[in-house]
Amino acid sequence: DIITGMMDEAITGYELETVRCDEVEHKQLNMLKESQWNIDEASAAAAKARSKALGADGIKLDITEYKFPSLDKQLGLTVEKCKGQLDVLGVQLASVTADME
């Protein structure tokens, strides 16, 4: 009877330990799955950010390579036009001032 009791106690302890180990393994698997999901989400977010960054680089290139030079040229033409108009207005002002004297 003592040996049977010890065997029953050992078997019960083994079964309890098996259940506890199964629970720990189940929890660890769930944690691994959650970690993998988090990694996948982070990778997707990083890919989206890279895509946006590449798009922004394209816009920046378009602006610096094409729009800035065009705007700079337009500004130069406008400045020259304004200088010419200013010269004309200066002559007109001088004429009016001379007439007033």
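See the structure printed just above.
Residues numbered from 1 in each chain as written. Predicted model: local features only at pLDDT ≥ 70, side-chain atom pairs only at ≥ 80, totals over all residues. Heavy atoms only, no water.

### Structural notes on the overall build of the chain
Worth spelling out the cut-off: The secondary structure listing takes helices from DSSP runs of H or I that are at least 4 residues long and strands from runs of E that are at least 2 residues long, numbered from the N terminus. C-alpha atoms define the radius of gyration in this analysis, and the globule rule sets the expected value at 2.2 Å times the number of residues to the power 0.38. Exposure is judged per residue with a 1.4 Å probe applied to protein chains only, and the accessible area is read against the type maximum: over 50% gives exposed, under 20% gives buried, and values in between give partly exposed. Reported accessibility uses the Shrake-Rupley method at a 1.4 Å probe radius. Residues are deemed covered only where the shown protein chains occlude them.
Scanning the chain for helices and strands turns up 1 helix and 0 strands. In terms of overall size, the chain is more extended than a compact globule, its C-alpha atoms giving a radius of gyration of 42 Å where 101 residues would be expected to give roughly 13 Å. Projected onto the principal axes, the alpha-carbon positions of the chain cover approximately 140 × 30 × 10 Å. Buried positions account for 0% of the 101 residues belonging to the chain. Total accessible area on the chain stands at roughly 9,300 Å², and carbon and sulfur atoms take up 64% of it.

### Observations regarding the environment of threonine 4
Here threonine 4 is to be found in helix α1 (residues 2–100). The class of threonine 4 is partly exposed, set by a relative accessible area of 45%. Residues threonine 4 and isoleucine 39, spaced 35 residues apart in sequence, show a C-alpha to C-alpha distance of 52 Å.

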